[in-house]
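Understanding the architecture of this molecule
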Amino acid sequence: MLGLDDVLNGGESWLLSVVGSLTAPLFDAGRIRNQIAAAEEGVSIAELNYRQTVLIAMQDALETLSELSYQQRLLNVGEQGVANNWQLYDLAKLRYDPGVTDSINLLTAQRSWFRARDSLIQAKNNQLLATVNVFRAMGVAPELAE
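In this report, the structure presented in the accompanying data block is examined. (Residues numbered from 1 in each chain as written. Predicted model: local features only at pLDDT ≥ 70, side-chain atom pairs only at ≥ 80, totals over all residues. Heavy atoms only, no water.)

**Comments concerning the packing of aromatic side chains**
Two descriptors summarise a pair of aromatic rings, namely the distance from one centre to the other and the angle between the planes of the rings. This model, assessed by the stated rule, comprises four aromatic pairs. Between Trp86 and Tyr89, the ring centres sit 5.6 Å apart and the planes meet at 45°, which makes this aromatic pair tilted. With Trp86 and Tyr89 both in helix α3 (residues 31–96), this residue pair falls three residues apart, about one helical turn. Here Trp86 falls in the partly exposed class, since its relative accessible area comes to 38%. Linked through ring pairs, Trp86, Tyr89, Trp113 and Phe114 together constitute an aromatic cluster. (Phe/Tyr/Trp six-rings, centres within 6.5 Å; stacked < 30°, edge-to-face > 60°. Helix = DSSP H or I, 4+ residues; strand = E, 2+ residues; numbered from the N terminus. Buried < 20%, exposed > 50% of the residue type's maximum accessible area, 1.4 Å probe, protein only.)

**A short note on the pattern of salt bridges**
Scanning the entire structure with this criterion turns up one salt bridge. Where Arg51 meets Glu47, a salt bridge forms, and the shortest distance between an N and an O atom there is 2.9 Å. Pair noted here: Arg51 and Glu47 are both in helix α3, with a separation of four residues, about one helical turn. (Salt bridge = Lys/Arg side-chain N within 4 Å of Asp/Glu carboxyl O.)

**What to know about a nonpolar patch on the surface**
A cluster of nonpolar side chains, Leu62, Leu65, Met138 and Val140, forms an exposed patch at the surface whose accessible area comes to about 370 Å². Mapping Leu65 onto the fold places it in helix α3. (Patch = residues over 30% accessible without salt bridge, like charges linked within 9 Å, V, L, I, M, F, W, Y side chains within 5 Å. Areas by Shrake-Rupley, 256 points an atom, 1.4 Å probe, with all protein chains shown as cover.)

**Topic: the environment of Leu75**
Take Leu75: it is sitting in helix α3. For the pair Leu75 and Lys124, spaced 49 residues apart in sequence, the C-alpha separation works out to 6.0 Å. If sequence neighbours within four positions are ignored, Leu75 has contacts with Leu120, Ala123, Lys124 and Gln127. (Contact = heavy atoms within 4.5 Å.)

**Quick look at the environment of Met58**
Summarising the element assignment, Met58 is placed in helix α3. Sequence-wise, Met58 and Met138 are 80 residues apart; in three dimensions their C-alpha atoms are separated by 8.7 Å.

**Some points on the nonpolar core**
If you look at the biggest cluster of nonpolar residues, it comprises seven residues: Val82, Tyr89, Ala92, Leu106, Ala109, Trp113 and Ala116. The set of elements that each furnish at least two residues to this core consists of α3 and α4 (103–138). The dominant element in this core, judged by the number of residues it contributes, is α4, at four residues. Setting aside its immediate chain neighbours within four residues, Ala116 contacts Gly81, Val82 and Asn85. (Core = buried A, V, L, I, M, F, W, Y, C linked by side-chain atoms within 4.5 Å.)

**Here's the deal with the side chain of Thr101**
Within the secondary structure layout, Thr101 lies in the loop between α3 and α4. Taking the relative accessible area as the measure of exposure, Thr101 reaches 15% and is therefore buried. Apart from residues lying up to four places away in sequence, Thr101 is in contact with Ala92, Arg95 and Tyr96.

**Examining the side chain of Gln127**
Looking at the element boundaries, Gln127 is found in helix α4. Gln127 sits in the buried class, given a relative accessible area of 10%. In contact with Gln127, not counting residues within four places along its chain, are Leu68, Gln71, Gln72 and Leu75.

Shown next as structure tokens:
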């Protein structure tokens, strides 16, 4: 509204305030454009961070799957080693019983068989740990049979 002072001054102050309020959004010196650009850059950075996180998770999953495969192969080799060392121990016992060889050969074969069994147990433990790491990397839990 126009007051008495505004009419006496020719309405200049009122006119200037109206013109100033109308032109303020038009002449913001690029602030709005800069805010939009900053928001778009923030979105781009968030997308790149997301992609990096996904890639790291995929790399971790692939590494744990590779480790599981490696531990499974070691377990298979350990099982073959136990079977081979059992046969060697069995042969040494067959030769020891009639007196063809001495007890040192029998004890050596038995020690090899025990070492192979120990290695198999360690390989099984490592294979189970690798399985747990795969579940952890995949972010799932195994289904337990009741």
